[in-house]
Amino acid sequence: MSRFLKVFSRELANALLLVIGVTAILYLSFNLMPGTFIGKGGGVEGYLNLLKRLFSFRFGVSPVSGRDIKSLVLPAFRNTLLLTFGSLFVSVLIAVPIGIFSAYRRFKSYSWALSIFSYIISSIPVFFLGYLVLYVVARYTGFLPVFSVSASARGMPFLSFVLPIVVLGLGNDSISEIVRLVGGELERVMSLDYVIAAKARGENMLQASVHEGIVIPLISIVFSKIPFIIGGAVVVEHVFNWPGMGRLAFQATLDRDLPVLIIIAFLSVLFVRTTTLLKDMILYSYRTSES
Amino acid sequence: MSRQIAALEHLKVYFYDQGDRRFIRAVEDVGLTVEQKQVVGLVGESGCGKTITALSMMGLIDGEPGVVGGRFFFRPKEEDRRALIFAIMRGNRKKYDCRKGELFDLFCGLDDCVRFDADPFTVIKDPEKWLRKNGRIMEQMRGRNISMVFQNTREALNPFVTVGSQLVRAVQCLENDKNRAALAARAEELLLSVRIFNPGYVMNMYPDALSIGMSQRVLIAIALASRPGLLIADEPTTGLDTTNKHRIIDLLGENMERGNMSLVIISHNIGIVRTIADRIYVMYAGLIVEHGNKKEIVTGRKNARHPYTEALVSSVPTDADIKRGKKLKVIEGVVPDNKMETEGCPFLPRCRYAKGGIRRKCRTRRPELFEVTSGHRIRCWLFAG
Ligand SMILES: Nc1ncnc2c1ncn2[C@@H]1O[C@H](COP(=O)(O)OP(=O)(O)O)[C@@H](O)[C@H]1O
Ligand code: SF4
Ligand SMILES: [Mg+2]
């Protein structure tokens, strides 16, 4: 346990350093832009001032829109998280069974079709898939509008909520990667001695290889995909009018609303680095459970 | 004569060497029969094909083409017979003679998946078809009917799961009891039966905290959990010190008696096998070169043993030899490389007896298993006719 704490504090320090480094770069580059925000032009002191505000989560009021930044950003942040994790869940739900199926040697001749399917799905650009789905749903089901959370009370609330998640889940390129990784790892693990030994006793091979063959590769790939999925979320938010961080950032850029932008950037870095930390610690505790 | 539980006939296992572009004949002609409550020993130097033989019986060969010939008759437990017949019949368009009394051929359908070409020598096998067919059959047999303890002790336990959970999973293969307490109690009982006296503590341990001796016991306990009719133990004592070696052998013996189980024990060490086995099969370069009951093999009359067996037995020191400080005998020469196309007797390069008129025969024709006395056969021209 004490070893866990040691590793945890080391990783935490790493994460903090990264967040500080990124905010420093943000500060420098934002100084070059027209507009104003907390600590702008204040040199090192201004930067420290900004850091203090960021880490105490006192974001203040946007000089452009005159609204409280926290009440603007946090709901958007929550919506983006929902979209990100929801779509990851969809990807995993589709990819893992295909990966498992393709790992079984006795089904090799059926599984290539599924693998090809996963490649095709993953190679369709998200915006294209988004408009395609919108078109098909709007045209053939008559549920309208399908693209606005605010208007959803009149349309199909469920549809407007689920469609973006499904589209991002299908269209981010993680499905084919999960299929490849889980399929490959599972196939490797299924030929390890302890799995063959379990099979020799008449036990389920999948149960014997689930930790090393599925859970561990899945944790590492899912967490490392998060930054990219956030990237894809920006596009989907636009197509589906989803009130998330991507749309907020886009609007803030148009408005030259630097305080909002810097906070969005800060929250994104914080979030991404936190998930990485989480991943490392989960994988670490998995490995040490062996000893 | 008591009832047979398993009869392996003419097993052939080949692998294809991508680099050299030729077939490796890992096992060429192996047959063995096991009777109920009998201990059968399989001995031979490393690399002679013992593990491959065992894995073939389990349907666990990894590599192409793998099993290409032979039949494996097995008597399932009463309650599993229907499921086995169903698995054998499923997908069979032709009628097979897959049955011999109460024994069923677990390699049924093999001939349909394999084709031999003579010139150049090639074996064509449909691995997927075989895997589907044999997989269905073996799924019914593994665990409750036939089970195996692996050679590589340290790597045969799942490093991510506690000893207790692994035992419970194995117990569940026999009786799918939902009651956790009952399962745990049965797991503890199993650990006690392999003389682990603090089962509660060991159950919560992860495998890599166990010593080799402990892992081996745990593995045996896990294999016994499903009360298999036939247990194959591959080198169960390798890597253990002498005291532990004998304890493991005793354990296997005890549990065999108790569980109405037959045992195939595999070892490169004939000294270990002869303490427990009723019948011994001696293997050399993928062939059975001699088999008979223990007495005939270990303390046979002079000139009534295969030259290889003789060398093997005399390389194990007796107590008297150790007292007198006698030098250990070794078998001169090296094990032939299986890639070699052996036309004659594979033991020829190391054989002391291949002299005079017989030598030409040894070089050009492979000897069959000649019967010396009932149940004692030797693959050597010295014993022909
Ligand atoms: N997957 C494989 N591919 C090619 N050759 C193999 C494979 N597995 C085993 N062999 C060969 O088969 C022979 C028998 O091996 P094995 O049965 O493990 O010997 P042992 O009697 O020591 O258990 C060895 O010579 C080995 O090189
Ligand atoms: S057949 Fe010939 S070479 Fe082979 S063991 Fe007998 S005597 Fe030796
Ligand atoms: Mg071996």
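Residues numbered from 1 in each chain as written. Chains lettered and ligands numbered in written order. Predicted model: local features only at pLDDT ≥ 70, side-chain atom pairs only at ≥ 80, totals over all residues. Heavy atoms only, no water.

1. Some thoughts on the coordination of the magnesium ion (ligand 3)
Residue and element names in this part refer to chain B.
Reasoning step 1: Around the magnesium ion (ligand 3), the protein supplies Thr51 (OG1) and Gln151 (OE1) as donor atoms, at distances of 2.0 to 2.6 Å. Highlighted residues: Thr51 in helix H1 (residues 50-58) and Gln151 in the loop between strand S9 (146-149) and helix H5 (163-174), separated in sequence by 100 residues.
Reasoning step 2: Taking relative accessible area as the criterion, Thr51 reaches 25% and is therefore assigned partly exposed. (Donors = N, O, S within 2.8 Å, 3.2 Å for Na, K, Ca; no water. Helix = DSSP H or I, 4+ residues; strand = E, 2+ residues; numbered from the N terminus. Buried < 20%, exposed > 50% of the residue type's maximum accessible area, 1.4 Å probe, protein only.)

2. Topic: the interface of chain A and chain B
Reasoning step 1: Facing the 24 residues of chain A at the interface are 34 residues of chain B.
Reasoning step 2: Between chain A and chain B the total buried area reaches about 2600 Å² when both faces are included, carbon and sulfur atoms providing 54% of it.
Reasoning step 3: In this structure, the connection of chain A to chain B is made through 0 salt bridges.
Reasoning step 4: Here chain A and chain B share 2 residue pairs in polar contact (both at pLDDT 80 or more) between them.
Reasoning step 5: When contributions to the side of chain A that touches chain B are tallied by element, the ones reaching two or more residues are helix H4 (108-123), helix H8 (193-200) and helix H9 (205-240) of chain A.
Reasoning step 6: For the side of chain A that touches chain B, the leading source of residues is H8 of chain A, giving 6 residues.
Reasoning step 7: For the side of chain A that touches chain B, the per-class residue count stands at 8 nonpolar, 7 polar and 9 charged. (Contact = heavy atoms within 4.5 Å. Buried area = accessible area lost by both parts, 1.4 Å probe. Salt bridge = Lys/Arg side-chain N within 4 Å of Asp/Glu carboxyl O. Polar contact = N/O pair within 3.5 Å; in protein donor to acceptor, adjacent residues only side chain to side chain. Nonpolar A, V, L, I, M, F, W, Y, C, P; charged D, E, K, R; others polar.)

3. Observations regarding the pairing of strand S1 (residues 4-17) of chain B
Residues and elements named next belong to chain B.
Reasoning step 1: In terms of strand pairing, S1 meets strand S2 (residues 22-35) through 10 bridges, oriented antiparallel. Directly across from Val13, in S2, lies its bridge partner Val27.
Reasoning step 2: Counted along the chain from S1 to the antiparallel partner S2, the turn is 4 residues long, and its residue Arg21 has a positive phi close to 55 degrees.
Reasoning step 3: The pairing of S1 with strand S4 (residues 65-74) spans 8 bridges and is classified as antiparallel. The partner of Ala7 across the bridge, within S4, is Phe73. (Pairing = 2+ DSSP bridges.)

4. Focus on the side chain of Ser62 of chain A
Residues and elements named next belong to chain A.
Reasoning step 1: For Ser62, the position within the fold is in the loop between helix H2 (43-55) and helix H3 (69-103).
Reasoning step 2: Here Asp257 takes part through its side chain, which lies 2.8 Å from a polar atom of the side chain of Ser62.
Reasoning step 3: In contact with Ser62, not counting residues within four places along its chain, are Arg67, Ile69, Asp257 and Val260.

5. Some remarks on the pattern of salt bridges
Reasoning step 1: A complete count under the given rule lists 24 salt bridges over all chains for this structure.
Reasoning step 2: The partner of Lys225 of chain A in a salt bridge is Glu177 of chain A, with the nearest N and O atoms 3.0 Å apart. Taken together, the residues Lys225 of chain A in helix H9 and Glu177 of chain A in helix H7 (residues 174-189) connect sequence positions 48 residues apart.
Reasoning step 3: On the basis of relative accessible area, Lys225 of chain A is assigned to the buried category, the value being 6%.
Reasoning step 4: Owing to a relative accessible area of 25%, Glu177 of chain A belongs among the partly exposed residues under this scheme.
Reasoning step 5: Its salt-bridge partner being Arg379 of chain B, residue Asp29 of chain B comes within 3.6 Å of it at the nearest N-O pair. Placement of Asp29 of chain B in strand S2 and of Arg379 of chain B in the segment after strand S15 (376-378) is noted, with a sequence separation of 350 residues between them.

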